[in-house]
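Results of the structural survey
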Amino acid sequence: MMQAESELFAGPDRQRLVVIGNGMVGARFVEELIARGGNDRYDIVMFGDEPTGNYNRILLSGILAGSHDVEDTYINPLEWYEDNGITLHAGVRVTAVDRDAKLVRGDMGIIEPYDVLVFATGSSPFVPPLKGLSSHGTEMKEGLFAFRTLDDCDRMIGFVPKATRAAVIGGGLLGLEAARGLLERGLEVHVVHLRSHLMEMQLDAPAGHLLKATLEGMGVRVHLDKQTSEVLGEHRVEGLVFADGTTLPCEMVVVSAGIRPNVSLALDCGLMVERGIVVTDELRCPGDASVFAIGECAQHRGQLYGLVAPLWEQAKVLADRLAGRIPDASYTGSRVSTKLKVMGIDLAVMGDQDPADASDEVVTYSEPARGIYKKLIVRDGRLGGAILLGDASAAPVLLQAFDRGTELPDNRAELLFQLAAAEGVTGIADMPSSAQICNCNGVSKGALVAAVEAGHCTLKSLCDATRAGMGCGACKAQVQQVLELAAGDRMQTDPSVHYYVPGVPLNKADLVTAVRERGLRSVSSVFAALAGGHEDPGSKAGLASLLRTIWGKEYDDERDARFINDRVHANVQKDGTYSVIPRIFGGVTTAEELRRIADVAQKYGVPMVKITGGQRIDLVGVRKEQLPEMWRELGMPSGHAYTKSFRTCKTCLGSEFCRYGVGDSTTLGVQIERRYQGLETPAKLKLATAGCPRNCSEATTKDVGAVAIEGGKWEVYVGGAAGAHVRKGDVLVVVDSHEAVLTYMGRFMQYYREQAKYLERTYDFVPRMGIETLRSILVDDSEGLCARLDEAIDAAVDAYFDPWQEAVAPVHPSQFADALEPVGAGSAS
Amino acid sequence: MTAASIPLDGMVHYDLGTIDRIPPGEGQTFLVAGREIAVFRARGTDEVYATQARCPHKAGLLADGIVGDGKVICPLHSNKFDLATGAPLGNACQSLTTYRTEISHDRRVLLWLSAAAGWSGST
Ligand code: SRM
Ligand SMILES: Cc1cc2nc3c(=O)[nH]c(=O)nc-3n(C[C@H](O)[C@H](O)[C@H](O)COP(=O)(O)OP(=O)(O)OC[C@H]3O[C@@H](n4cnc5c(N)ncnc54)[C@H](O)[C@@H]3O)c2cc1C
Ligand code: SF4
Ligand code: FES
């Protein structure tokens, strides 16, 4: 043994360390190694067949559900590798390992010699051999997905608009997270599970059934004891067939039937492989002193781990060992206990889920109506296992007892209730400083307290400093509690959540008051007066929108606060060109107008002329420099297709021509668009009017819509959507004239301008306020606001001017310049 | 003097004209010796920065981004960069190449490129 160690680190020569797999464990290992001075010993080379740097796979569920951005998941950007002198072959798959020559071969002919080799290849989704998985025997059928990588996640999100119903095969943790994500994205979701209860790996039957009931309450359909046998559809998924002969039509299928460790490379090069790559307590592959394996691909003492906490522990042990810090560091296995994040349901599990024998004591409590189930397995007076579903407030205390094997109090109920009741600050306060709060990153209460002492007094800075909460995020609430406890008065709440914009520490109401009281008419004056002079670029556009709403004509318009679209009054496209969409009121145009559009399109060589979904015409692919001349020649006002404002009012034929029409929707739509065109709003507003309930212009799924009904009446809808979100609007009021429609629409729009958060569409705003509340304020005038709202919207309408007038009077000589040339050149050395 | 007469390892400076060619707080793309460069002018302080013109992510024109506090936010997908160092902020993009700039006594923006880089296509 010592022999091997000394061979490994013989002499002053640097060694070559090659890591296969740049996932959560491979990258963490390298990070830990560098933190221990590993750079002095090794030239580090990494292979990862995913194209990115390292990202947090756990948060993919959040991305799928739309609660996290891709940006949130990156752990180490490509630059980190460069800065630390690591050669990363990103997007390169290792195809063979030659242990005799000590070489690793990758795609594209890349060959790297090694002195020390670490396998961290993780696992791949297991796809059971169903009939009809592929179309024409080769590719996976369209609509069929696994859920493992960022790429899987992207493709699923891209596919969602093409589906209305999705089936998830597998009711384990991952399958349920996939189900939640798809549910959040508006699909009807079915979970098809082979076993007789959900999550049988972590839960006993009663907990599994309770979880099912809770999920069904959220709208997920669960099918138990169902074995899928076939995927239907020629080229794309059309449904599933089950072993019992029943079928389920669906357009999307996510297979989440477990994972299989990636062992083929190791197998091919002759390492010992059982279910995973077999490793010793040194995390070494038996029979080869220079090869190690960690992560989901490794099998240690017969055990495979599928959660990051134990795997990161392996990464740390190996780093200790290879950096020479603790040359005899060894890994002896982990007790798996974890808090899970399933569909927003509290769940903590640890140890065994069922008694091992008759001498184990089982304590259960269940309250099905509230979806609560708690179970303890007590073994020799100590905790052998626990399940906490629906209320995991006792989890920290139980985890603690479980991890340390402490003696439990005789009164078991105390464990479930008294301590649970003493939850929160007291619960945390009572915990010893060694208690682990973040189970992914192994951060103790003591470490958090120390970081707070060192000045990390907001949740974000505390998490950044300690890595707590940066794994699955389930412990954030407890980290917050430790922060509250340790920081006391020094605590700063995590600000930005309540701010109107991240860079000015005020919520919308307070910001509006401050702006009014202090007469702040420009964005820079807001930064100067309310943000300590700190000019946050991410806050500029939001402030500009607010100030314009508050001050109207008196707004001091600093152009740099505008997003590029609003500087040049056109929508920027992927190649830096723009689109020109002139206003066509209510979608009603004339031959003369069409001819002019055609002439301009031809004269300027517009690459694409397109009829939009908003009933008008888009000239796409226009260079910035061409914009002003084109506007002049069109002689039509801007259609505002590029900004946060009133966009369009689509119309249908209505009573004028249509045989069903009961209201003149065309005239009404034109009136609406003439009056409210270009009105600045927190997010875009799209409207429509329909001449009868057949609703050809889709008015019930617009931000604001009017639908004519029998008896000369109009229903006014608000909060509808049929974009990324689909929501039928709520009827605000039913009225009997065009004028009344215009009044209520205007009143609603002004209230929305004043109350909504920046970028909050009406489909979020209306449910947030509640249609009853809106009706009482805007129709019954319960707060006496109506007259003022009507006046304010009149003033805003009066302040309107067509931004395309800047074609004749640009605000700056370079406003529409694509690129400028220098005026001279000289030299120096 | 033209750039062509400069030794390869020397620096060439380009006169981009007075700072007023760039609106305060905004950026502007310049075409300098055949290459695109983004030049930014801070609001209030009249500091200028120069970086590569296109975002490493998907080639968004950075000069069209929103600028503030020495940072630019790309107009296409909102990746943020530090203007002085070019470093990506909270994203996984590569660093931007940055160029030396100077404001002359008569408020002209001077941009320094290495002759090799500036004189593209000459070698
Ligand atoms: C041109 C047009 C597609 C077309 O050819 O038909 C279009 C094009 C774009 N839409 Fe749209 N939308 C267009 C009608 C719609 C419609 C239908 C409608 O207006 O009746 C919807 C669904 C209604 C809705 O908004 O709820 C629609 C929902 C979206 C969304 C999703 C909004 C949501 O929160 O649900 C976005 C993304 C966003 O706003 O963040 C979007 C964003 C975009 C952007 C502006 C993306 C961008 O920021 O660059 C696209 C501009 C492409 C470009 O390069 O110019 N577009 N978009 C349509 C222009 C309508 C018009 O005449 O003004
Ligand atoms: C959606 C989702 C949610 C999850 N939620 C949780 C959670 O809440 N809590 C928790 O603890 N765990 C969770 N997990 C599990 C956790 O993500 C894994 O345990 C962890 O990622 C394992 O790390 P790893 O490095 O072993 O494998 P991976 O992260 O899979 O990394 C392995 C990497 O190696 C690469 N690779 C494989 N073979 C080769 C080759 N031949 N050449 C080059 N590169 C190769 C792979 O492409 C991959 O990038 C979740 C997983 C998923 C998919
Ligand atoms: S036009 Fe709309 S739907 Fe089409 S790609 Fe752009 S944003 Fe997506
Ligand atoms: S191109 Fe710059 S962020 Fe995408």
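The structure this text deals with has already been given above.
Here goes a summary of the coordinates provided. Computed from a prediction, not measured in an experiment: that's the story for all the values here. (Residues numbered from 1 in each chain as written. Chains lettered and ligands numbered in written order. Predicted model: local features only at pLDDT ≥ 70, side-chain atom pairs only at ≥ 80, totals over all residues. Heavy atoms only, no water.)

1. So, the overall build of chain A
Selection rule: Starting at the N terminus, helices and strands are each numbered in turn, a helix being any DSSP run of H or I of at least four residues and a strand any DSSP run of E of at least two. Each residue gets one of three labels from its accessible area relative to the maximum for its type: buried under 20%, exposed over 50%, partly exposed in between, using a 1.4 Å probe on protein chains only. Contact between two residues is taken to exist if any of their heavy atoms lie within 4.5 Å; hydrogens are not considered. Here, Shrake-Rupley sampling with a 1.4 Å probe gives the accessible areas, and only protein chains in the shown set may cover a residue.
Looking only at helices and strands, chain A features 27 helices and 43 strands. Relative to its 829 residues, chain A shows a buried fraction of 54%. At a minimum sequence separation of 6, the contacts of chain A that also span at least 24 residues come to 62%. If you sum the accessible surface of chain A, you get close to 35,000 Å²; carbon and sulfur atoms cover 50% of it.

2. Some details on the sheet that holds strand E8 (residues 88-89) of chain B
Which entries qualify depends on this criterion: Any two strands are treated as partners once DSSP identifies two or more bridges connecting them. Note on geometry: axes are C-alpha line fits, over the in-contact stretch for helices, and angles between N-to-C directions span 0 to 180 degrees.
Taking strand neighbours across the sheet as the criterion, the four strands line up as E5-E6-E7-E8 (chain B) in an open arrangement whose pairing is antiparallel. Either end of the sheet is taken by a strand with one partner, and the two such strands are strand E5 (66-68) and E8 of chain B. Strand direction decides the pairing type here: E5 of chain B and strand E6 (residues 71-73) of chain B, joined by three bridges, are antiparallel. Along E6 of chain B, the bridge assignment pairs glycine 68 of chain B with lysine 71 of chain B. Lying over the sheet, helix H19 (residues 537-551) of chain A contacts E5 and E6 of chain B, oriented at roughly 115° with respect to E5 of chain B.

3. As for the site of ligand 2
Residue and element names in this part refer to chain A. Heads up, the rule is: Here a residue is considered near a molecule or strand provided that any single heavy atom belonging to it is located within 4 Å of it. What qualifies as a polar contact is a pair of N or O atoms within 3.5 Å, subject to a donor-acceptor requirement within protein and to the restriction that residues adjacent in sequence count only when both atoms come from side chains. Nonpolar residues are Ala, Val, Leu, Ile, Met, Phe, Trp, Tyr, Cys and Pro. Charged residues are Asp, Glu, Lys and Arg, and all others, Gly as well, are polar.
Taken together, 34 residues sit near ligand 2, with Asp49, Glu50, Arg148, Glu296 and Val308 positioned nearest. A distance of 2.8 Å separates a nitrogen atom of ligand 2 from a polar backbone atom of valine 94. Between glycine 306 and ligand 2, the recorded distance is 3.4 Å, taken from a backbone N or O atom to an oxygen atom. In isolation ligand 2 has 1,000 Å² of accessible area, and contact with the protein removes 95% of it. The dominant element in the shell around ligand 2, judged by the number of residues it contributes, is helix H2 (residues 24-35), at three residues. Looking at the shell around ligand 2, its residues break down into 15 nonpolar, eleven polar and eight charged.

4. Structural notes on helix H27 (residues 786-798) of chain A
All names here are of chain A. The condition that has to hold: Each residue after the first adds 1.5 Å to the expected span of a helix. The arc in question is the one spanned by the directions pointing from the helix axis to the C-beta atoms.
Taking 1.5 Å of rise per residue, the 13 residues of H27 would be expected to cover 18 Å, and the 18 Å separating its terminal C-alpha atoms lies within 8% of that figure. Every buried residue of H27 is accounted for by Cys786, Leu789, Ile793, Ala796 and Val797. Angular distribution of buried residues about the axis of H27 spans 100°; they occupy a single face of the element. Seen from the open side of H27, the exposed residues pointing more than 90 degrees away from its buried face are Ala787, Glu791 and Asp798.

5. Re the site of ligand 1
Residue and element names in this part refer to chain A. Around ligand 1, the structure places 21 residues, and the nearest of them are Gly613, Arg616, Lys684, Lys702 and Tyr763. Take arginine 761: an N or O atom from its side chain is 2.8 Å from an oxygen atom of ligand 1. Residue tyrosine 763 places a side-chain N or O atom 2.4 Å away from an oxygen atom belonging to ligand 1. Per-class residue counts for the shell around ligand 1 are four nonpolar, nine polar and eight charged.

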